[in-house]
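Coordinate analysis (summary)
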Amino acid sequence: LGARVATIITDEGLKWFAQSWEDSAGLTTDYGGDVPDIVECRWGEGGYETIGGVQVPRTPDPTLTNLDCVENSSRYPVDSRYVYTLAPIPSGKVTRADNVVTVVCEIPLGDANNDGSGNSPEFWEAALFNSEGVMVAYSTFNVQVKNNTRVLRKTWTLTVRRPS
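The present account deals with the structure reproduced in this document. This one's a predicted model, so the numbers in the text were calculated from it and none came from an experiment.

Conventions and cut-offs
- All residue numbers refer to position in the chain's written sequence, counted from 1.
- Residue-level local features of this predicted model are given only where pLDDT is at least 70; pairs of side-chain atoms are given and counted only at 80 or more, and the full residue set underlies all totals for whole chains, interfaces and linings.
- Computation of side-chain values covers all heavy atoms of the structure but excludes hydrogens and water.
- Strands are labelled as partners when DSSP assigns at least two bridges between them.
- By definition, any uninterrupted DSSP run of H or I lasting at least four residues is a helix, any uninterrupted run of E lasting at least two residues is a strand, and each is numbered from the N terminus.
- Axis angles are defined between N-to-C directions and span 0 to 180 degrees, where every axis is a line fitted to C-alpha atoms and, for a helix, only to the segment in contact.
- In plain words, nonpolar cores are sets of buried Ala, Val, Leu, Ile, Met, Phe, Trp, Tyr and Cys residues tied together by side-chain atoms within 4.5 Å.
- When a residue's accessible area, from a 1.4 Å probe over protein chains only, is under 20% of the maximum for its type it is buried; when over 50% it is exposed; and in between it is partly exposed.
- Note on definitions: a residue-residue contact is assigned when non-hydrogen atoms from the two residues lie within 4.5 Å.
- Polar contacts, as counted here, are pairs of nitrogen or oxygen atoms within 3.5 Å of one another; within protein the pair requires one atom able to donate a hydrogen and one able to accept it, and residues that are adjacent in sequence qualify only if both atoms are side-chain atoms.
- In what follows, salt bridge is the name for a side-chain nitrogen of Lys or Arg lying within 4 Å of a carboxyl oxygen of Asp or Glu.

Read across the sheet, five strands follow the order 1-11-10-4-7 without closing on themselves; strand pairing throughout is antiparallel. Of all strands in the sheet, those bounded by a partner on one side alone are strand 1 (5–9) and strand 7 (83–86). Pairs of neighbouring strands in the sheet enclose a mean axial angle of 15°, with direction left out of account. Looking at chain direction, strand 4 (residues 38–44) and strand 10 (residues 122–130) are connected through six bridges and run antiparallel.

Below you can see the structure in the form of structure tokens.
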């Protein structure tokens, strides 16, 4: 199987972006800047399913309001529900050009190296949240194992359009 990465704007994220329209080019935020108020990135050990004995990323569900390993925890073994939260997202890592929002999230070398069960976390999913706790975007991908020898980085590119 080749690399699979799927990213969506969630149903709640679409509502949030729609409520944030100010001009034909894009978004406004509560603090008056050009950059959307995306403040948190969460990485989770859920977001996969087993097909034919092989774990593969799930197709992202736009109705989710939290990571799959949290919202549907019974799908996963107890030791496969670890969540790492990056908050706040560092300054300059959320940008906007017209209707394209880019967010860069990374887990540094020293963070998230143990899932609480003595294992290196195996991340299959990540999500972006605004300051109100709304999950605005969700992504699933091939497993990324985190340990103290690697930084994990995900760049989100979200194209936001007015509904027609």
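To continue, consider the nonpolar core. Formed by 26 residues in total, the largest nonpolar core has its most connected members in Ile 38, Trp 43, Val 103, Cys 105, Phe 123 and Leu 128. With four residues, strand 9 (residues 100–107) is the single largest residue contributor to this core. The contact partners of Ile 38, leaving out residues within four places of it in the chain, are Trp 16, Ile 89, Val 94, Val 101, Val 103, Leu 128, Phe 129, Asn 130 and Val 136. Judged by nonpolar contacts, the second largest core, of 10 residues, contains Leu 67, Ala 127, Phe 129 and Met 135.

Moving on to the environment of Arg 150. Topologically, Arg 150 is positioned in the loop between strand 11 (135–145) and strand 12 (152–159). We classify Arg 150 as partly exposed; its relative accessible area is 34%. Distance in space between the C-alpha atoms of Arg 150 and Asp 111 is 9.9 Å, their sequence separation being 39 residues. For Arg 150, the contacting residues outside a window of four places in its chain are Ile 107, Leu 109, Gln 144 and Val 145. A polar side-chain atom of Arg 150 sits 2.8 Å from the main-chain carbonyl oxygen of Val 145.

Let us now look at the pattern of salt bridges. Summed over the entire model, instances satisfying the criterion amount to six salt bridges. The closest approach of N and O atoms between Arg 153 and Glu 106, which form a salt bridge, is 2.7 Å. Of this pair, Arg 153 sits in strand 12 while Glu 106 sits in strand 9, and the two are 47 residues apart along the sequence. Glu 106 gets classed as partly exposed once you look at its relative accessible area, which sits at 27%. One continuous salt-bridge network, built from bridges that share partners, spans Glu 49, Arg 58, Asp 68 and Arg 75.

All right, on to unusual backbone geometry then. Residues Ala 87 and Pro 88 are joined by a peptide bond in cis, for which omega reads -5°. Mapped onto the secondary structure, Pro 88 falls in the loop between strand 7 and strand 8 (94–97). With a phi close to 55°, Ala 112 is a non-glycine residue in the positive phi region. Within the secondary structure, Ala 112 sits in the loop between strand 9 and strand 10. You can call Ala 112 buried: its relative accessible area is 9%.

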